[in-house]
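# Residue-level structural notes
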Amino acid sequence: MSSETVLIIEDDSAIAQFVAASLSAVGLRPVHADTAALARLELQRMTPQLVIADLGLPDADGVALITEWRRAGGAHSLPPQVPILVLSARVQELEKIAALDAGADDYLTKPFGAGELLARVRAMLRRATLSTTPQPVAVLHIGALTLNRSTRCVQLDGEPVHLSPIEYRLLERLARIPGQVLTHRQLLADVWGAEQIDQLHYLRIYMGHLRAKIETDPAQPRYLQTELGVGYRLTDV
Ligand code: CA
């Protein structure tokens, strides 16, 4: 990784030091703010390539902060291509989902290890780089899966997989951001429409269909991972 700047907003100094040390070890440049007020000052000074934000800050509500950043044209808004990784405690399940729905890109639940942190950071920085390239990627490769977005053809190990239109849209939505979580509400809104965001059973049923067609063992999925109570992610193993 090149020396990209990562803004860490975390009031727990032990966690902040651990995150900063993990990032420095792979050549990233961490900048630490222990309050939302300091983070705002840092953001006036520089634009990071990634933001890692704790949800429990002493001077701000994490979800409100993300909403503020993602509001187009807001005074302290981040450029939309800068990804946000949220750090949450186990007791913050609802805040975590609200943060993702407000525009955070992924989350880590404390405690987490350096390996898990760096895997998320790498995936997010890679996608941020891709999203600044002008041409949308026509063919997506995720492990042995190939999605051709022009022809809407899906292949697994070179063999065609026949998907219904809904199944295709669900898989394509997840494949656009491999490794990144999407909440139930985001998937329902994008695949079925905003008026269907409470129809959780649609997702369960169609995820079952997709797993039956794509996974060798649908009970032990390799690609379509459940994030319990949150949503799903397509892992690019
Ligand atoms: Ca905290």
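Everything quoted here is computed from the prediction, not taken from an experiment. (Residues numbered from 1 in each chain as written. Predicted model: local features only at pLDDT ≥ 70, side-chain atom pairs only at ≥ 80, totals over all residues. Heavy atoms only, no water.)

## So, the coordination of the calcium ion
Applicable threshold: As a rule, N, O and S atoms within 2.8 Å of a metal are its donors, except that Na, K and Ca use 3.2 Å; water is not among the atoms, so sites may look incomplete. Elements are defined by DSSP. Helices are runs of H or I of four residues or more, strands are runs of E of two residues or more, and each kind is numbered from the N terminus. In this scheme, a residue with accessible area under 20% of its type's maximum is buried, one over 50% is exposed, and one in between is partly exposed, where area comes from a 1.4 Å probe on protein chains only.
Donor atoms from the polypeptide that coordinate the calcium ion comprise Asp-11 (OD), Asp-54 (OD) and Gly-56 (O), at 2.2 to 2.3 Å from the metal. Sequence spacing among the residues donating to the calcium ion works out to D-x42-D-x1-G. With Asp-11 in the loop between β1 (5–9) and α1 (13–25) and Asp-54 in strand β3 (residues 50–54), this residue pair connects regions lying 43 residues apart in the sequence. With relative accessibility at 36%, the residue Asp-11 sits in the partly exposed group.

## Section: the packing of aromatic side chains
Filter applied, for reference: We call Phe, Tyr and Trp rings a pair once their centres come within 6.5 Å, taking the six-membered ring for Trp, and we label the pair stacked below 30 degrees between planes, edge-to-face above 60, and tilted otherwise.
Under the definition given, this model contains three aromatic pairs. Residues Phe-18 and Phe-112 carry aromatic rings whose centres are separated by 6.1 Å and whose planes lie at 45° to one another, so their mutual orientation is tilted. With a gap of 94 residues between them, Phe-18 in helix α1 and Phe-112 in the loop between β7 (106–109) and α5 (114–131) connect regions that are remote in the sequence. Here Phe-112 falls in the buried class, since its relative accessible area comes to 12%. When the centroid spacing of 5.5 Å and the interplanar angle of 65° are considered together, the rings of Trp-192 and Tyr-206 count as edge-to-face. Linking Trp-192 in the loop between α7 (184–191) and α8 (200–214) with Tyr-206 in helix α8, this pair joins segments that are 14 residues apart in sequence. A relative accessible area of 16% means that Trp-192 is categorised as buried. The structure contains a cluster of three or more aromatic residues connected by ring pairs, namely Trp-192, Tyr-202 and Tyr-206.

## Topic: the environment of Gly-27
Here Gly-27 lies in the loop between α1 and β2 (29–33). Each C-alpha atom of the pair Gly-27 and Ser-3 lies 5.5 Å from the other, and the pair is 24 residues apart in sequence.

## Notes on the nonpolar core
Cut-off, in case you're wondering: Only buried residues count toward a nonpolar core. Its members are Ala, Val, Leu, Ile, Met, Phe, Trp, Tyr and Cys residues joined through side-chain atoms within 4.5 Å. By definition, residues are in contact when any of their heavy atoms lie within 4.5 Å.
Judged by nonpolar contacts, the single largest core of 29 residues is most densely connected at Leu-145, Leu-171, Tyr-223 and Leu-234. Breaking this core down by element, the ones donating at least two residues are β8 (139–142), β9 (145–148), β10 (153–156), α6 (165–175), α7, α8 and β14 (231–234). At six residues, the largest contribution of residues to this core is made by α6. Beyond its immediate stretch of four places on either side in the chain, Leu-234 contacts Ile-142, Leu-145, Leu-171, Leu-174, Ala-175, Pro-178, Gly-179, Tyr-223 and Leu-224.

## Notes on unusual backbone geometry
Geometrically, the link from Lys-110 to Pro-111 is a cis peptide bond, its omega value of -5° lying close to zero. One can find Pro-111 in the loop between β7 and α5. Its identity as a non-glycine residue notwithstanding, Asp-157 has a phi of 55°, on the positive side. Counting through the fold element by element, Asp-157 comes out in the loop between β10 and β11 (159–161). In this structure Asp-157 comes out as exposed when scored by relative accessible area, which is 62%.

## Description of the sheet that holds β7
Heads up, the condition is: Any two strands between which DSSP finds at least two bridges are classified as paired. Only C-alpha atoms enter the line fits that serve as axes; for helices the fit covers just the stretch in contact. Angles between N-to-C directions range over 0 to 180 degrees.
Across the sheet, which stays open at both edges, the five strands sit in the order β2-β1-β3-β6-β7 with parallel pairing between neighbours. Of all strands in the sheet, those with a lone pairing partner are β2 and β7, marking the two edges. On average, each strand axis in the sheet is tilted by 20° relative to the strand beside it, whichever way the strands run. Sheet topology note: the strand β6 (residues 84–88)/β7 ladder contains four bridges and is parallel.

## With respect to the environment of Tyr-232
Relative to the helices and strands, Tyr-232 is located in strand β14. A C-alpha to C-alpha distance of 5.6 Å links Tyr-232 and Val-181, two positions 51 residues apart in sequence.

## A few points about the packing of α7 against α8
Keep this limit in mind: Put simply, angles under 35 degrees are roughly parallel, angles over 145 are roughly antiparallel, angles from 65 to 115 are roughly perpendicular, and the rest are oblique. Amino acid classes used here: Ala, Val, Leu, Ile, Met, Phe, Trp, Tyr, Cys and Pro are nonpolar; Asp, Glu, Lys and Arg are charged; the rest, including Gly, are polar.
It is at 10 Å that the axes of α7 and α8 come closest, and there the two elements cross at 80°. In terms of axis orientation, α7 runs roughly perpendicular to α8. Every residue of α8 that contacts α7 at His-184, Leu-187 and Leu-188 is listed here: Leu-200, Tyr-202 and Leu-203. Its residues placed into classes, the contact of α7 with α8 shows five nonpolar, one polar and no charged.

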